[in-house]
Amino acid sequence: GKGNYRHFMEKELHEHPVVLGDTLRQYIDPASRAAALPSLPFDPATVPRLTLSACGSAYLAAQVGRYWLEQVARVPVDSDIASELRYRDPVLPEGGAAILVSQSGETADTLAALRLLRQLKQSVLSIVNVDESSMARESDGAVLTVAGPEIGVASTKAFTAQLAVLACLALGFGRARGVLSADEEARLTAALLEVPGHAATLLESNDEIMDLAKEITAARDVLFLGRGSLYPIALEGALKLKELSYIHAEGYAAGEMKHGPIALIDPAVPVIALCPSGPLFEKTASNLQEAAARGGRIMAFTDAEGAPALRRFAERVVVLPTVDPFVAPILHAIPVQLLAYHVAVMKGTDVDQPRNLAKAVTVE
Ligand code: M6R
């Protein structure tokens with residue numbers, strides 16, 4: 001049941017700290033501060049190329065995984081939505097490996113991509129939340145997210161659990177390929193293990209997100225911007241807002257603004273920016289400033305270090321806990337989910353069962 005919560009989604013949002021803790025403890029050895037992966041169907045040290053594929057939010061988790069795998073493991077990664085991959089006639093190296101991501105493990109397109117990848121002699125690992133699912137059974141190996149049942153149609157805790165698993169996988173790949181030092185791995189696993197506590201803090205500072213939600217409810221269009229591993233989270237923010245509140249939203253890489261979307265900038269189109277401090281902060285901040293200079297209303301998520309610079313032009317700045325840039329996408333996923341949730345509640349849409357959607361899309 002929903003317990004004391006109004007919606008399954010609200011309950012599931014509040015499960016973030018526990019789910020992230022359970023999932024991270026499963027794939028990190030606290031004593032050695034190293035990723036502790038289950039046995040994989042391929043050797044991460046020698047895999048020539050990785051194909052990542054999934055649908056919807058699971059695909060966006062995979063996109064973050066791609067940034068991580070390239071960054072800390074220097075492994076060539078290709079990623080695509082499953083409904084494209086399966087009909088694209090992809091060119092894949094013999095001995096290649098694939099990672100498919102799915103909460104349900106029953107998504108028709110992802111399952112079809114899985115079958116195609118195996119036919120193409122790729123060794124397939126699935127990251128799933130349901131251990132007896134079709135995908136888990138048909139893969140060469142499966143890694144479980146420890147999210148528990150997710151009832152709300154909008155993915156929340158399963159998404160962040162997918163991110164947690166992908167982060168651990170990236171670290172394990174990095175070590176196996178000899179490109180991640182033990183010290184660096186220890187530093188990053190420590191940063192990961194702090195995320196559940198930060199998630200709990202974020203859920204307490206709900207009021208600020210509620211205020212932000214009030215600014216969004218009347219909008220017809222909303223833009224979400226981010227760079228690097230925050231770009232897929234911007235896409236996820238837009239997807240969540242669309243599916244829950246039926247407000248039209250688009251996610252863009254901040255650097256793409258001047259190639260078209262900046263033409264949309266107008267006081268009626270709020271811009272939600274994901275802009276934590278880190279190597280890409282200045283770049284993103286300058287894209288946001290350009291949008292503000294053209295009348296855009298910037299609402300930014302950042303941390304204490306990033307806040308002063310953004311306050312000079314942003315209408316609202318929500319300060320999240322300061323974390324290593326590696327884990328920032330996991331942390332930023334939570335407020336964009338909360339934002340979509342609150343906007344939907346304010347608009348009175350069906351939060352747990354948005355129109356036209358199914359929890360598991362088992363037909364093509
Ligand atoms: O069960 P799956 O993870 O394979 O589902 C994939 C998508 O259908 C799913 O993530 C969908 O995009 C959600 N409704 C997003 O909140």
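See the structure shown above.
Calculation criteria
Residues numbered from 1 in each chain as written. Predicted model: local features only at pLDDT ≥ 70, side-chain atom pairs only at ≥ 80, totals over all residues. Heavy atoms only, no water. Helix = DSSP H or I, 4+ residues; strand = E, 2+ residues; numbered from the N terminus. Rg over C-alpha atoms; globule rule 2.2 N^0.38 Å. Buried < 20%, exposed > 50% of the residue type's maximum accessible area, 1.4 Å probe, protein only. Contact = heavy atoms within 4.5 Å. Areas by Shrake-Rupley, 256 points an atom, 1.4 Å probe, with all protein chains shown as cover. Lys, Arg positive; Asp, Glu negative; His and termini not counted. Charge placed at Lys NZ, Arg CZ, Asp CG, Glu CD. Near = heavy atom within 4 Å. Polar contact = N/O pair within 3.5 Å; in protein donor to acceptor, adjacent residues only side chain to side chain. 1 Å grid on protein atoms, 1.4 Å probe; cavity = no way out; pocket = protein on both sides within 12 Å on 5 of 7 lines; lining within 4 Å. Sits in = over half its atoms within 2 Å of the grid points. Phe/Tyr/Trp six-rings, centres within 6.5 Å; stacked < 30°, edge-to-face > 60°. Lys NZ or Arg CZ within 6 Å of the ring centre and 35° of its normal. Core = buried A, V, L, I, M, F, W, Y, C linked by side-chain atoms within 4.5 Å.

Asks: I'd like a rundown of the overall build of the chain, residues and numbers included.
Replies: Secondary structure summary: the chain contains 13 helices and twelve strands in total. Its C-alpha atoms give the chain a radius of gyration of 20 Å, near enough to 21 Å, the size a compact globule of 364 residues would have. Expressed along its principal axes, the backbone C-alpha trace of the chain runs to roughly 50 × 45 × 40 Å. A total of 364 residues make up the chain; the buried ones form 59% of that total. For the chain, the proportion of contacts with a sequence separation of at least 24, taken over those separated by at least 6, is 76%. Carbon and sulfur atoms make up 50% of the accessible area of the chain, which totals about 14,400 Å². Within the chain, the 43 negative side-chain charges are centred at a point lying 3 Å from the centre of the 33 positive side-chain charges.

Asks: So what about the site of the ligand? Which residues, and what values?
Replies: The environment of the ligand is made up of 13 residues, and the closest members are Ser102, Gln103, Ser104, Thr107 and Glu243. Within the contact set of the ligand, an oxygen atom lies 2.5 Å away from a side-chain nitrogen or oxygen of threonine 107. In this structure, an oxygen atom belonging to the ligand sits 2.8 Å away from a main-chain N or O atom of serine 155. Alone, the ligand offers 420 Å² of accessible surface; in the complex the protein occludes 91% of this. Here the ligand occupies the largest pocket. Listing elements by their share of the shell around the ligand, those giving two or more residues are helix H3 (56-73) and helix H10 (231-245).

Asks: Residues and numbers for the packing of aromatic side chains, please.
Replies: Counting across every chain of the model gives two aromatic pairs. Both rings, one in tryptophan 68 and one in phenylalanine 326, keep their centres 5.3 Å apart while their planes meet at 35°; by these two values the pair is tilted. Here tryptophan 68, found in helix H3, pairs with phenylalanine 326, found in the loop between strand E12 (316-320) and helix H13 (328-347); they are 258 residues apart in sequence, far enough to count as distant. Geometry around tyrosine 246 places arginine 355 over its ring, the cationic atom sitting 3.8 Å from the centre.

Asks: Quick rundown of the nonpolar core? Include the residues and the values.
Replies: Core analysis: the biggest nonpolar cluster contains 88 residues, and Leu192 and Phe224 have the highest contact counts within it. Looking at this core, the element that brings in the most residues is H13, giving twelve residues. Once you skip the residues sitting within four places of it in the chain, phenylalanine 224 turns out to touch Ala234, Gly237, Ala238, Leu241, Ala249, Glu250, Gly251, Tyr252, Ile272, Val336 and Leu339. Counting residues in each nonpolar core, the second largest holds 21 residues, with Cys275, Ala285, Ala307 and Phe313 among its members.

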